[in-house]
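# Examination of the molecular architecture
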Amino acid sequence: MNILVINGPNLNMLGIREPDIYGKETYNSLVEKIENYANEKNIGIKCYQSNHEGDLVDVIQFAYGLYDGIVINPGAYTHTSIAILDALKAVSIPAVEVHISDVDSREEFRKISYVRQACFETISGKGTDGYLLAIDALIKKATE
Ligand code: DQA
C-alpha cells in the first residue's frame, strides 16, 4: 500500500507557527514521525508540502494510479478551496482530512471544510498524532 501525505500552506512553519495552537514539533520531525510509522506498518509513504493551491491540485492529480490513499491537511485552503475538493473527487482515491488543531472549536470560518466532502474521515484536534490515525484509517479502509 502506498500513501501520499499532503500538507498545505504554513504547515512548513510548524514549531515556529503559533506553538500554543500547533505545538512545538517542526515539519521535519513530523515527516520523520510519519515515515517511521509507515515503515513499522510496511507502507510506502511520501510526504509533500506546498504553500500553493495549484501545486496541491497538481500533486493530487499526480497521485492517480500511483497511491492507494491520501492523508491531507490543506491548512487554510480547507476553508476556501473548491479546486482541491474537485481534484480529490477527480482522482477518487480514499482520503482522510487531518487538522492538528480542533477546527470546530475555533473561529466560525474554520468550521467550513470544502475538502471534507471528498474524505471518508476527518481527524481534528489530535495534534500531529492525527496523521498516524489517518494512516490507520486508510489501512482499515483498504482491508474492508
Ligand atoms: C489547520 C487548521 C486550519 O484552519 C489552519 O488554517 C491551518 C492548520 C490545522 O492543522 O489545525 O493552517 O489545518
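Above this text sits the structure in question.
Residues numbered from 1 in each chain as written. Predicted model: local features only at pLDDT ≥ 70, side-chain atom pairs only at ≥ 80, totals over all residues. Heavy atoms only, no water.

## Digging into the site of the ligand
Cut-off, in case you're wondering: In this text, near means that some heavy atom of the residue lies within 4 Å of the molecule or strand in question. By the criterion applied in these results, polar contacts are pairs of N or O atoms within 3.5 Å in which, for protein atoms, one can donate a hydrogen and the other can accept it, and in which residues neighboring in sequence qualify only through two side-chain atoms. Residue burial considers only the protein chains on display, and all accessible areas are found by Shrake-Rupley using a 1.4 Å probe. Cavities and pockets are defined on a 1 Å grid built over the protein atoms alone: a cavity is a set of grid points where a 1.4 Å probe fits but cannot escape, while a pocket is an open set with protein on both sides within 12 Å along at least five of seven lines, and lining residues are those with an atom within 4 Å of any such point. Pocket occupancy is defined atom-wise: a molecule lies in a cavity or pocket when more than half of its atoms are within 2 Å of its grid points. Residue polarity is assigned by list, with Asp, Glu, Lys and Arg as charged and Ala, Val, Leu, Ile, Met, Phe, Trp, Tyr, Cys and Pro as nonpolar; anything else, Gly included, falls into the polar class.
Arg 17, Tyr 22, Asn 73, Gly 75, Ala 76, His 79, His 99, Ile 100, Ser 101, Val 103 and Arg 110 make up every residue found near the ligand. Arg 17 places a side-chain nitrogen or oxygen 2.8 Å from an oxygen atom of the ligand. A distance of 3.2 Å separates an oxygen atom of the ligand from a polar atom in the backbone of Ala 76. In isolation the ligand offers 320 Å² of accessible surface; the protein chains occlude 99% of this area. One can see that the ligand is located within the largest pocket. Each residue belonging to the shell around the ligand can be placed in one class, and the counts come to four nonpolar, five polar and two charged.

## Section: the sheet that holds strand β4 (residues 95–99)
The strands making up a sheet associate through backbone hydrogen bonding, with each pair oriented either parallel or antiparallel. Put simply, the test is: The pairing criterion for strands is at least two bridges between them, as found by DSSP. Only runs of H or I of at least four residues qualify as helices and only runs of E of at least two qualify as strands under DSSP, and these elements are numbered from the N terminus. Lines fitted to C-alpha atoms define the axes here, with helix axes fitted over just the stretch in contact, and angles between the N-to-C directions of these axes take values from 0 to 180 degrees. We call two residues contacting when some pair of their heavy atoms lies within 4.5 Å.
Taken in spatial order, the five strands line up as β2-β1-β3-β4-β5 in an open sheet, and their pairing is parallel. Each edge of the sheet is formed by a strand with only one pairing partner; in this case those strands are β2 (44–49) and β5 (121–124). With direction set aside, neighbouring strand axes in the sheet form an average angle of 15°. Taken strand by strand, helix α2 (residues 27–40) contacts β1 (2–7) and β2, and its axis lies near 165° from that of β2.

## A word on the packing of helix α3 (residues 53–63) against helix α4 (residues 82–91)
Spelled out, the test is: In this scheme, roughly parallel covers angles under 35 degrees and roughly antiparallel covers those over 145, while 65 to 115 is roughly perpendicular and the rest are oblique.
Put simply, α3 and α4 touch, their axes get as near as 9 Å, and they point 5° apart. One element, α3, and the other, α4, form an angle in the roughly parallel class. Here Glu 53, Leu 56, Val 57, Ile 60 and Gln 61 of α3 lie close against α4, whose contacting residues are Ala 83, Ile 84, Ala 87, Leu 88 and Val 91.

## Remarks on the nonpolar core
What counts, and what does not: By nonpolar core is meant a set of buried Ala, Val, Leu, Ile, Met, Phe, Trp, Tyr and Cys residues that side-chain atoms within 4.5 Å join together. Three exposure classes are used, based on accessible area relative to the maximum for each residue type with a 1.4 Å probe and protein chains only: buried under 20%, partly exposed in between, and exposed over 50%.
The biggest cluster of nonpolar side chains holds 24 residues, and the ones touching the most others in it are Ile 3, Val 5, Ile 34, Val 71, Val 96, Tyr 131 and Ile 135. Among the nonpolar cores identified, the runner-up in size contains 21 residues, and Leu 56, Val 59, Leu 88 and Val 115 belong to it.

## Some thoughts on the pairing of strand β3 (residues 69–73)
This is how the line gets drawn: Crossovers are marked right-handed if the path from the first strand over the helix to the second runs clockwise, as seen with the strands pointing away from the viewer.
Extensive coverage of β3 is indicated by the burial of five of its five residues. Side-chain alternation along β3 places Gly 69, Val 71 and Asn 73 on one buried face and Ile 70 and Ile 72 on a second face that is also buried. In this structure, β3 lies alongside β4, joined through three bridges in parallel fashion. The residue bridging Val 71 from the neighbouring strand is Val 96, located in β4. As a crossover connection, the stretch from β3 through α4 into β4 is right-handed.

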